[in-house]
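# Secondary and tertiary structure notes
Spelled out from the first residue to the last, the chains are:
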Amino acid sequence: MSSSEIVSTARNATLPDLVALLRSQHAAKLDVVAPARDLRATGGRLLVRGAGEPALSLSGVTRRGALLRPNGLADAGIADKLGIPIGYLRRVRGEKIDLYDANVNAWLADQPDRRFLVRGLTDVSADHGGDGGASGGVLRAVLSDSFRIVDNLDVLMAALQGIREAGAAVEVTSADLTESRMYVKVRSTEIAAQAPMLLGNYTSPFSGARGADNPLVFAGFVISNSETGHGKFTITPRLEVEVCTNGLTLNKHALSAVHLGGKLPDGVISWKADTQTAALDLVIKQARDAVASFLDRDFVARRVAEIDRDAHVEVTNPAATLEHVAAQLRFPAEVQETILNHFIRGGDTTSGGVLHAVTSTAQTLPDADAAYDLERHGVQAMSLAAVHADRLARTAV
């Protein structure tokens, strides 16, 4: 698998496709804890000395280096760990690669004993003879040596085991993998609640189907994990609207666990079968807890009632209200424009209509991180819209 052939992302994948991708990455992964003295930037890539495949020479068996090309997230990690402004580092990567190398190497040399966890995907067939026969690949992250590695594949298998043990009738509706996170949506069509007040005036912008005719919301949750230091492992309850598959994410009820543990030993990390048992047992238990807590008719009904409380404020000035919401939640201008369009097409002129517009817009975004970030702000956007619209109405009186 060459660095150009390493597939690291997937959008709207099936569960079997995601598992196959994670297994291919698992086979190619390289995790090594190295002091700064064993790291060197060369030609915009990071050489990790002694981290490559074993090689036989006259002096015995030694490890070649690994020469890894940073992706965007890895460059951000390097910038953060070394205190280099990320905008500057990206500029010199694009314009003066020698300055990229000089800056990274100067700050690495400043603290030669400082240790980092380097995460990469390697291509053992790529031989860069000019760098001591180093193998090539992709640099995914430069992290603290206290980062506890709980990989996406292990998390997914453990979570699915927990769901099976709970005896839940569920389906994985979609899965996404980005350079920073994995997201897996789980839904149970057997656990549902009527939401006529929330959906009575809404029309799907995708199909034209009316919420009044399809007023159901299904129970479910999102499993999410990061292998590269971009947030906790989480299981977050998510209600799915039948008429349009909009997702209502309930962030305050999420279960989560931080990827932080004891100091890792120096060298290439090769985990034994029982190394991560405690962490994965926690994932299994949290998945069982999620099924018991989130796939429950009373839980769904209570959450729908809570959402209903902020969903019926009339939005008389959609442009001003959505501009306010977008500013508060830092939505990009193009996303704000799409939300306004979906609000108009949805036909629900209340704060609940803002919730629908935000979550339906999230389904249209090609970037999975952006889509999930937008969706998780849907309920908050509705609450902000309700307050702002009410304020505008009071001012107009």
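First things first, this report covers the structure right here in the doc. This is a predicted model, so every value here is computed, not measured.

Conventions adopted
Residues numbered from 1 in each chain as written. Predicted model: local features only at pLDDT ≥ 70, side-chain atom pairs only at ≥ 80, totals over all residues. Heavy atoms only, no water. Helix = DSSP H or I, 4+ residues; strand = E, 2+ residues; numbered from the N terminus. Buried < 20%, exposed > 50% of the residue type's maximum accessible area, 1.4 Å probe, protein only. Contact = heavy atoms within 4.5 Å. Areas by Shrake-Rupley, 256 points an atom, 1.4 Å probe, with all protein chains shown as cover. Polar contact = N/O pair within 3.5 Å; in protein donor to acceptor, adjacent residues only side chain to side chain. Axes fitted to C-alpha atoms, helices over the stretch in contact; angles between N-to-C directions. Parallel < 35°, antiparallel > 145°, perpendicular 65-115°, else oblique. Nonpolar A, V, L, I, M, F, W, Y, C, P; charged D, E, K, R; others polar. Core = buried A, V, L, I, M, F, W, Y, C linked by side-chain atoms within 4.5 Å. Expected span 1.5 Å × (residues − 1). Salt bridge = Lys/Arg side-chain N within 4 Å of Asp/Glu carboxyl O. Phe/Tyr/Trp six-rings, centres within 6.5 Å; stacked < 30°, edge-to-face > 60°. Lys NZ or Arg CZ within 6 Å of the ring centre and 35° of its normal. 1 Å grid on protein atoms, 1.4 Å probe; cavity = no way out; pocket = protein on both sides within 12 Å on 5 of 7 lines; lining within 4 Å. Points joined across faces, edges and corners; volume = space filled by probe spheres on them.

## Structural notes on the overall build of the chain
- Check the secondary structure of the chain and you find 13 helices and 16 strands.
- Within the chain, buried positions represent 49% of all 397 residues.
- A separation of at least 24 residues holds for 69% of the contacts in the chain among residues at least 6 apart in sequence.
- Counting only carbon and sulfur atoms, one obtains 51% of the accessible surface of the chain, whose full area is about 17700 Å².

## Some words on the side chain of Glu240
- Here Glu240 is to be found in strand β13 (residues 233–241).
- One polar contact links Glu240 to Arg238, side chain to side chain, over a distance of 3.0 Å.
- Here Glu240 is in contact with Thr173, Arg187, Leu216, Val217, Phe218, Thr245 and Asn246, once residues within four sequence places are set aside.

## With respect to the packing of helix α11 (residues 351–364) against helix α12 (residues 368–376)
- As a packed pair, α11 and α12 sit with axes 8 Å apart at the nearest point and diverge in direction by 170 degrees. By the angle between their directions, the pair α11 and α12 is classed as roughly antiparallel. From α11, Val358, Thr359, Thr361 and Ala362 reach across to α12, where they touch Ala371, Leu374 and Glu375.
- Its residues assigned to classes, the contact of α11 with α12 shows four nonpolar, two polar and one charged.

## Here we look at the nonpolar core
- Within the largest apolar cluster, 54 residues are counted, with the highest numbers of intra-cluster contacts made by Phe221 and Ile223.
- Setting aside residues up to four positions removed in sequence, Ile223 forms contacts with Val155, Ala159, Ile163, Met182, Tyr183, Val184, Val186, Phe233, Thr234 and Ile235.
- Val48, Tyr100, Val118 and Leu139 belong to the second largest nonpolar core, which has 25 residues in total.

## Digging into helix α10 (residues 333–346)
- For α10, with 14 residues, the first-to-last C-alpha span of 20 Å sits near the 20 Å given by 1.5 Å per residue.
- Lining the buried residues of α10 we find α9 (318–329), α11 and α12.
- In the segment just after α10, Gly347 is the residue with positive phi, at about 75 degrees.

## Topic: unusual backbone geometry
- Even without a glycine there, the phi angle at Thr245 is positive, about 60 degrees.
- Summarising the element assignment, Thr245 is placed in the loop between β13 and β14 (247–249).
- Of note in the backbone geometry, Arg330 takes a positive phi value of approximately 60 degrees without being a glycine.
- Among the structural elements, Arg330 can be located in the loop between α9 and α10.
- Residue class for Arg330 comes out exposed when judged on its relative accessible area of 77%.

## Re the pattern of salt bridges
- Per the counting criterion, the structure on display carries 19 salt bridges.
- Residue Glu240 pairs with Arg187 through a salt bridge whose shortest N-O separation is 2.4 Å. Taken as a pair, Glu240 in strand β13 and Arg187 in strand β11 (residues 182–194) lie far apart in primary sequence, 53 residues in all. The two residues Glu240 and Arg187 agree in class, both being buried.
- Of the charged contacts in the structure, one is a salt bridge between Arg238 and Glu240, with a shortest N-O distance of 3.0 Å.
- Connected through salt bridges with shared partners, the residues Glu171, Arg187, Arg238, Glu240 and Glu375 form a single ionic network.

## Describing the packing of aromatic side chains
- Using the criterion set out here, one finds three aromatic pairs in the structure.
- Ring centres 4.0 Å apart and planes at 10 degrees place the aromatic pair Tyr183 and Tyr372 in the stacked group. Here Tyr183, found in strand β11, pairs with Tyr372, found in helix α12; they are 189 residues apart in sequence, far enough to count as distant. Grouping residues by exposure puts Tyr183 and Tyr372 together as buried.
- Aromatic rings pair up to connect Phe221, Phe294 and Phe299 into one cluster.
- For Arg93, the ring lying beneath its charged end belongs to Tyr100, and the centroid distance is 4.3 Å.

## With respect to the layout of surface pockets
- Estimates place the volume of the second largest pocket at around 390 Å³.
- If you trace the second largest pocket, you find 16 residues lining it, with Arg181, Tyr183, Ser224, Thr234 and Arg376 closest to the centre.
- With five residues, α12 is the single largest residue contributor to the lining of the second largest pocket.
- The residue inventory of the lining of the second largest pocket, partitioned by class, reads four nonpolar, seven polar and five charged.

## Regarding the environment of Ala76
- For Ala76, the location among the structural elements is in helix α2 (residues 72–82).
- It is 8.9 Å that separates the C-alpha atoms of Ala76 and Val142, two residues lying 66 residues apart in sequence.
- Setting aside chain neighbours within four positions, we find Ala76 in contact with Ile86 and Arg90.

## As for the side chain of Thr228
- Mapping Thr228 onto the fold places it in the loop between β12 (216–225) and β13.
- Residue Thr228 is classed as buried on the basis of its relative accessible area of 2%.
- Beyond its immediate sequence surroundings of up to four residues, Thr228 is in contact with Arg140, Ala141, Leu143, Glu179 and Ser180.

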